[in-house]
Amino acid sequence: MSSETQNPNEDAREQLIDLAADFYDQFAGGKIPELTLPTRTKRNIEYDPDSGVWVYGDRTSTRSANSVRGARKLLKAVYTIDFLAQQLDEDRSSTLRELYYLSESWDNTEAHFSDQDESNQMIEDLEIVSEVTREDLHMRPEESGATLMGPLLLREQTRRGEREIHCQKDVGEGGYQIPNNPDTIEFLDHEIDFVLCVETGGMRDRLIENGFDDDYNCLVVHLKGQPARATRRITKRLHDELDLPVVVFTDGDPWSYRIYGSVAYGSIKSAHLSEYLATPEAAFVGIQPEDIVEYDLPTDPLADSDINALESELSDPRFQTDYWTEQIELQLEIEKKAEQQALASRGLDFVTDTYLPERLDAMGVI
Amino acid sequence: MTSFQSTLGEDAGIADELAQSQREISIAEFFEKNKHMLGFDSGARGLVTAVKEAVDNALDATEEAGILPDIYVEITEVGDYYRLVIEDNGPGITKEQVPKVFGKLLYGSRFHKREQSRGQQGIGISAAVLYSQLTSGKPAKITSRPKGSADAEYVELIIDTDTNEPEIKTAERTTWDRTHGTRIELEMEANMRARSQLRGYMKHTAVVNPHARLELREPGLDGPMKFERGTDQLPAETKEIRPHPHGVELGTLIKMLEATESYSVSGFLQGEFTRVGGKTAEKVLNAFRDRHFGRELSWPVAASHEADIEDAIVDAVSNKGADATESFASGIVEVLGNRERTCRFELAEIVDTVADRVEDETGRTFGDTVRENAIEAAWAAVVAFDSDAAVSTDEAVAANGDVAGADSDGRDRLTSDLYAIVDEATSTRKDDAVIHGFSERLARRLDADAGEERRFRFTADELQRAIEDAADATVEYDEVSFGDTARENVFEALWALTRTVPDDLPKVKTVAADRDTASQLLEAMRETDILAPPTDCLSPITDTLVEAGLRKEYDADFYAAATRDAEVHGGDPFIVEAGIAYGGELKSEGSIDLLRFANRVPLVYQRGACASTDVVKQIGWRNYGLDQPGGSGMPNGPAVLMIHVASTNVPFTSESKDAIANIPAIEDEIELAIREAARELKSYLNKRRSMQKRREKQDVLGRILPEMAEKVAEVTGREPPNIDGAMARIMNNLSVDREVSGTTVTLSVENYSDRAEQPEITDILSAEPQALNGDASVVDMDGEWFLQWSPSVSAGEEASISYEVPEETDFDVNVDGVDAEKLTVNA
């Protein structure tokens, strides 16, 4: 899926035009234009033993011009294809949000997106059917990319030419910002022992302040909540290309387990890209429900939504392992959740001096 | 109410004193005090009621004379009063009748008729006259020109409220431009607050009388409100019918009995009632006999008793010679022995028959006295019962219904028979002793009540009472249970063994004179199955004309109507009709309009009290596609619902005839009629809804898809594709396409819908088609060729024809037989 050809833009563009040509042929053949996509729900993802990630199953849904809704979707799709083709032609890029606003300028009011969810979904649809990633379509997410901090030297292709950057020495306290398309990065050198993905900014800053990256030769990846694709992609590349172990450190609540899940197994929405984004070898550090008990961490009670989320995870095929079943059931039993920062209750250095070394040791990472 | 009864012990003179102030009240006087009962309770309503009464009369009169009604109503303000003028083109009223018709309450031609008509009591128009005279003091001015008469009569009259007699103020001959008809002019204190009811009344009258032309002028109108005829077809003439036996009440029956010229009840029944012929009359009479005389209980003759009976007969006959006597006695016993059971009057018949035969054979005369003696003696032997000798329980059990009480001095012929009957009729779990005890008591009781000549004649009530008493005694003395079911079963079994007696029924005069006897007759009439009354006394509007009436007065998109078959309530036949108009110009806010009619008369007031309103509210209108807040009550929406009840006697809740009474039989029919019409509405609305959806879809897709195709062409850099096929497929449509290649033209029909379609395609060509290949016909019409083709195309199939025409031929294709929404023509 990655753009390996000489001119990735042209390649992506052709894929899109082919899609439009399919519609054309359907029209000309007296058929009702339609678009078939895999169903993007929890029930339609399955484990692919070859790649070790979760991908879409066989269920598909069809958007057909047979209904008013379907016809509108397809019209928007064609307009979006037109826009993307043009954008690739001019080698420019835009954000998902820009696409939403941009649609307002289209002459046909029927083609305007009614909200950003719709335009985001449209890009996902096109990404799936054209088999061109969003990044190659030059569509960026709105939020700025997450950051890296650690002993890594890389080369990035920027608009102003190639830059070589060391992710400790050449960057400020904020770290190196991951570009939207991490495939433009080339890893040059590193002294990394393992990659530590951290959910919250507070914990990431704590680790940096305590010099954890230096002390343990670790690359700290800030996930910034649910990780952007670029973050997941670079994590996967770090693992695959540099053969580094990846561990994920999050809060101890169901939403954080999903963050781990999307790093390790791929997300439901982008299961078509799991092979490209997911790092099945990534391991979960904590906070584990077990840790809440063991370290007697300050906790919050589980809200109803937390309980629902945990129960939903029990039926999520990605969490059907003994480890997760045990942990989730334990959490449902103790009815408590804890944040990463709860470790501060044992002192600011507790996490870097005690918790992480103990856990990482137990996991065999250090 | 003040009591006029004198109180005991008080001054006896009080009654006399009171009597002095008691006097007869004339009907007119009564009305004066009870105006509201007839719909004249306010000035606003009085005006509407007066118009209503006059118009109803005019319609009845014209229809009766077979004239298409042409009715003119005018209301003008005259100082403080309103003047009301109603003119019709009816047959006119003779000079002698005018004062009575307009100046006497309760005078009319229809009260005594069983026939559907608008007015009935003859109160209406004279009440209007009375109301006008009471409020304005002015007389009613009536002009009438009977058909064929050269001049018209002009009469001014008032009603003398003391005597209920008309008082003529002026009477003269006059000329009138109408060739026949009646005009009445009334002045009354009134107001136009009920204007909408008045207009509604006129409009609704026009709906149910599509054969009438109506015109209304009133001060609030800029121009006259005219309702033109929707049909020239007069309502079917109605026939007067006699009352139905199921529909009369005791008072009426007695009155009819008193008035009839028939001598016998049978003649009376056949002459005065509908659906009663000789056979039905006989059935009624037998039922009457059963009630009047009671039925005779029959008894069996056991073989072992035959000698006994024969001896008794021989003893009773003297001086007839041994042979004749022997032959007589044995003849009777032989007949009795061959019969299962015999009752007293049957025995008498047998004795007569045998006596006649023996007379023939022997030449001996068996006179009445001999015969009666023989009957008495034989009967005494058949039903012998000596209460002391009644077999004891133990014996009976031992004998078990065989020869019981064989002692010739103390005989009991009843108990054992009853024992067998009771045993058969009651539950097998009952103890024999109980059954015997009961049978014995019943035998004793029946014997005691056997009556004159021991005829064992009982009415159903009497027999029932005997069984009840015997059963009660059994329960009390034997301390066992004897339930209602057992009693009922015993009664059924015994009643089946009774026979209708052949006695002569009392004559009409006797029946009329005795309330109880008349009541027995009435009961007999009601109990007998009799055919439903004929319906030619009714004149329904018919569903076609209901629809025509609605169509004429309401600008709607859809009309439906239903006329039910006639049903009967209390001997009066009735027919219910319903009609619905929907959509179009009808107001869509608020609840639907409900138009109620009884015998073609709009019911204006008391909507809430009317049975039809109740029925409408009970129906779940959401099922039929109308909005109904809360799922019950008046539905909302742009609809008019009309209900018409036609009957020889529409049951109203009051004399003002505003609301139909809640009679279940009528309510049921109203509901069925409404549902019948509503079903059509439902399928119309469903179709409309799906058509509307389809149209909306077509609108949107018709806009989007070409744009999409254009954009696709732009993106791919090709010519815009032809999307007609895709469009037709999407719309589930029938697509008609023309393909011209050189001189060859191919017309094709593709059916993308899910059902077979048969389009009627007309292709109009400016040149004559040649080499026609397909099942089409061509007609030359003044230089244009009409090619007609109507293929049957099943779902998903395609059909085509081809022909040759010179190049540059003009085509014009027209497709019928398929809804426009479902058609895509590209030819």
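Residues numbered from 1 in each chain as written. Chains lettered and ligands numbered in written order. Predicted model: local features only at pLDDT ≥ 70, side-chain atom pairs only at ≥ 80, totals over all residues. Heavy atoms only, no water.

**Describing the overall build of chain A**
Now for step 1: When helices and strands are tallied, chain A shows 13 helices and 17 strands.
Now for step 2: Burial status across chain A gives 56% buried among its 366 residues.
Now for step 3: Sequence-distant contacts, at least 24 apart, represent 73% of the contacts inside chain A between residues at least 6 apart.
Now for step 4: Within the structure as shown, chain A displays about 15900 Å² of accessible surface, and the carbon and sulfur contribution to it stands at 41%. (Helix = DSSP H or I, 4+ residues; strand = E, 2+ residues; numbered from the N terminus. Buried < 20%, exposed > 50% of the residue type's maximum accessible area, 1.4 Å probe, protein only. Contact = heavy atoms within 4.5 Å. Areas by Shrake-Rupley, 256 points an atom, 1.4 Å probe, with all protein chains shown as cover.)

**So, the overall build of chain B**
Now for step 1: Of the regular secondary structure elements, chain B holds 24 helices and 26 strands.
Now for step 2: Sorting the 827 residues of chain B into buried and exposed places 51% on the buried side.
Now for step 3: Once local pairs closer than 6 in sequence are excluded, the contacts in chain B between residues at least 24 apart make up 71%.
Now for step 4: For chain B, the accessible surface area stands at approximately 38300 Å², while carbon and sulfur atoms represent 43% of it.

**Structural notes on the pattern of salt bridges**
Residue and element names in this part refer to chain B.
Now for step 1: With the rule as written, the count across this model stands at 71 salt bridges over all chains.
Now for step 2: Arginine 341 is the salt-bridge partner of aspartate 417, the closest N and O atoms lying 2.6 Å from each other. You can see aspartate 417 sitting in helix 15 (residues 415-425) and its partner arginine 341 sitting in the loop between helix 11 (322-338) and helix 12 (344-362), a full 76 residues away along the chain. For the residue pair aspartate 417 and arginine 341, the accessibility class agrees, reading buried in each case.
Now for step 3: Close ionic contact of aspartate 503 with arginine 457 constitutes a salt bridge, the shortest N to O distance being 2.8 Å. Of the two residues, aspartate 503 sits in the loop between strand 11 (498-500) and helix 19 (508-513) while arginine 457 sits in strand 10 (residues 457-458), which places them 46 residues apart along the sequence. (Salt bridge = Lys/Arg side-chain N within 4 Å of Asp/Glu carboxyl O.)

**A word on the nonpolar core**
Now for step 1: A:Leu148, A:Leu152, A:Leu196, A:Phe249, A:Tyr355 and A:Leu356 are the most contacted members of the largest nonpolar core, which has 63 residues in total.
Now for step 2: When residues no more than four places from it in sequence are discounted, the contact partners of A:Leu148 are A:Cys167, A:Gly175, A:Tyr176, A:Ile178, A:Leu219, A:Val220, A:Val221 and A:Ile234.
Now for step 3: Among the nonpolar cores identified, the runner-up in size contains 57 residues, and B:Ile309, B:Ala348, B:Ile421 and B:Ala471 belong to it. (Core = buried A, V, L, I, M, F, W, Y, C linked by side-chain atoms within 4.5 Å.)

**What to know about the environment of A:Val248**
Residue and element names in this part refer to chain A.
Now for step 1: Within the secondary structure, valine 248 is located in strand 14 (residues 246-249).
Now for step 2: The exposure class of valine 248 is buried, given its relative accessible area of 0%.
Now for step 3: Placed 39 residues apart in sequence, valine 248 and isoleucine 287 show a C-alpha to C-alpha distance of 9.7 Å.
Now for step 4: Contact partners of valine 248, with chain neighbours within four places excluded, come to Cys197, Leu223, Tyr260, Val263, Ala282, Ala283, Phe284, Val285 and Gly286.

**Some words on the packing of helix 9 (residues 278-292) of chain B against helix 20 (residues 515-527) of chain B**
Residues and elements named next belong to chain B.
Now for step 1: Put simply, helix 9 and helix 20 touch, their axes get as near as 8 Å, and they point 135° apart. Of the possible angle classes, the one that applies to helix 9 and helix 20 is oblique. Every pair of crossing elements has a handedness; the one defined by helix 9 and helix 20 is right-handed. For the pair helix 9 and helix 20, contact is made by Val284, Ala287, Phe288, Arg291 and His292 and by Thr517, Gln520, Leu521, Glu523, Ala524, Met525 and Glu527, respectively.
Now for step 2: Class assignment of the residues belonging to the contact of helix 9 with helix 20 gives a composition of six nonpolar, three polar and three charged. (Axes fitted to C-alpha atoms, helices over the stretch in contact; angles between N-to-C directions. Parallel < 35°, antiparallel > 145°, perpendicular 65-115°, else oblique. Left-handed = near helix turned anticlockwise from the far one by under 90°. Nonpolar A, V, L, I, M, F, W, Y, C, P; charged D, E, K, R; others polar.)

**Some words on the interface of chain B and chain A**
The accessible area lost on association of the parts is a frequent measure of interface size.
Now for step 1: At the interface, 25 residues of chain B touch 26 residues of chain A.
Now for step 2: Together chain B and chain A conceal approximately 2200 Å² of surface at their shared face, both sides included; 72% is due to carbon and sulfur atoms.
Now for step 3: Of all residues in chain B, the largest losses of buried area upon contact with chain A belong to B:Met708, B:Lys711 and B:Val715, amounting jointly to 27% of the total for that side.
Now for step 4: The interface formed by chain B and chain A includes three salt bridges.
Now for step 5: Across the contact surface, chain B and chain A share five residue pairs in polar contact (both at pLDDT 80 or more).
Now for step 6: At the level of secondary structure, the elements contributing two or more residues to the side of chain B that touches chain A comprise helix 23 (664-716) and helix 24 (724-730) of chain B.
Now for step 7: Ranked by the residues each element gives to the side of chain B that touches chain A, the list is headed by helix 23 of chain B, at 15 residues. (Buried area = accessible area lost by both parts, 1.4 Å probe. Polar contact = N/O pair within 3.5 Å; in protein donor to acceptor, adjacent residues only side chain to side chain.)

**Side note on the sheet that holds strand 10 of chain B**
Residue and element names in this part refer to chain B.
Now for step 1: The antiparallel open sheet is built from three strands, whose spatial order is 10-9-11. Two strands close off the open sheet at either side, each with one partner strand: strand 10 and strand 11.
Now for step 2: Relative to strand 10, strand 9 (residues 295-297) runs antiparallel, the two sharing two bridges. Counted as the bridge partner of arginine 295 is phenylalanine 458 from strand 10. (Pairing = 2+ DSSP bridges.)

**Description of a positive patch on the surface**
Now for step 1: Together, A:Arg92, A:Arg159, A:Arg160 and A:Arg163 line one region of the surface with positive charge.
Now for step 2: Examined against the element boundaries, A:Arg159 turns out to sit in the loop between strand 8 (152-158) and strand 9 (161-166). (Patch = residues over 30% accessible without salt bridge, like charges linked within 9 Å, V, L, I, M, F, W, Y side chains within 5 Å. Lys, Arg positive; Asp, Glu negative; His and termini not counted. Charge placed at Lys NZ, Arg CZ, Asp CG, Glu CD.)

**Some details on the sheet that holds strand 23 (residues 784-789) of chain B**
In sheet architecture, strand pairing relies on hydrogen bonds along the backbone and comes in two forms, parallel and antiparallel.
Residues and elements named next belong to chain B.
Now for step 1: Across the sheet, four strands lie side by side as 22-23-20-25; this open sheet has antiparallel pairing. In the strand order of this sheet, the two ends are held by strand 22 (777-781) and strand 25 (811-816), each with one partner. Neighbouring strand axes in the sheet, compared pairwise and without regard to direction, differ in orientation by 20° on average.
Now for step 2: Sheet analysis places strand 20 (residues 760-765) next to strand 23, joined by five bridges and oriented antiparallel. When the sheet's bridge partners are listed, threonine 762 is paired in strand 23 with glutamine 788.

**A look at the environment of A:Arg63**
Residues and elements named next belong to chain A.
Now for step 1: Note on placement: arginine 63 falls in strand 4 (residues 60-64).
Now for step 2: Here the alpha-carbon distance between arginine 63 and glutamate 34, two residues 29 residues apart in the chain, equals 5.5 Å.
Now for step 3: Once residues within four sequence positions are removed from consideration, arginine 63 is found in contact with Pro33, Glu34, Leu35, Leu37, Arg40, Lys73, Leu74, Gln121 and Asp125.
Now for step 4: At 3.2 Å, the side chain of arginine 63 and the side chain of aspartate 125 are in polar contact.

**As for the pairing of strand 9 of chain A**
Residues and elements named next belong to chain A.
Now for step 1: In terms of strand pairing, strand 8 meets strand 9 through six bridges, oriented antiparallel. Residue pairing in the sheet places arginine 155 in a bridge with glutamate 164 of strand 9.
Now for step 2: Counted along the chain from strand 8 to the antiparallel partner strand 9, the turn is two residues long.

**A look at helix 17 (residues 460-478) of chain B**
Residues and elements named next belong to chain B.
Now for step 1: In this model, helix 17 (19 residues) spans 26 Å end to end at C-alpha, consistent with the 27 Å of a helix rising 1.5 Å per residue.
Now for step 2: The set of residues buried in helix 17 consists of Leu463, Ala466, Ile467, Ala470, Ala471, Ala473 and Thr474. For helix 17, the arc enclosing every buried residue in end-on projection is 160°, short of the 170-degree limit, so these residues lie on one face. For helix 17, the exposed residues set more than 90 degrees away from the buried face come down to Asp461 and Glu476.
Now for step 3: Positive backbone phi, at 50°, marks glutamate 479, one or two positions downstream of helix 17. (Expected span 1.5 Å × (residues − 1). Arc of directions from axis to C-beta.)

**Comments concerning the confidence of the model for chain B**
Residue and element names in this part refer to chain B.
Now for step 1: This prediction gives chain B a mean pLDDT of 83; 92% of its residues lie at or above 70.
Now for step 2: Below pLDDT 50 for its whole length, residues 1-8 participates in four contacts with residues either more than four positions away or in separate chains.
Now for step 3: Reported for the predicted complex are a pTM of 0.56 and an ipTM of 0.73. (pLDDT = per-residue confidence, 0-100.)

**A look at helix 12 (residues 322-334) of chain A**
Residue and element names in this part refer to chain A.
Now for step 1: For helix 12, spanning 13 residues, the distance from its first C-alpha to its last is 18 Å, which sits close to the expected 18 Å at 1.5 Å a residue.
Now for step 2: Buried within helix 12 are the following residues: Trp324, Gln327, Ile328 and Gln331. The arc enclosing the buried residues of helix 12, seen along the axis, measures out at 95°, which places them on a common side. Of the exposed residues in helix 12, the ones pointing more than 90 degrees away from its buried face are Asp322, Glu326 and Glu333.
Now for step 3: On its buried face, helix 12 is in contact with helix 8 (254-264), strand 15 (283-286), helix 10 (289-294), helix 11 (304-314) and strand 17 (336-337).
Now for step 4: Glutamate 335 sits one or two positions beyond helix 12 and adopts a positive phi of about 55°.

**What to know about a negative patch on the surface**
Residues and elements named next belong to chain A.
Now for step 1: A surface patch of negative charge is lined by Glu290, Glu294, Asp322, Glu326, Glu329, Glu333, Glu358 and Asp361.
Now for step 2: Elements with a contribution of two residues or more to the negative patch: helix 10, helix 12 and helix 13 (350-363).
Now for step 3: In terms of residues, the negative patch owes the most to one element, helix 12, which gives four residues.
Now for step 4: Structurally, glutamate 358 is set in helix 13.

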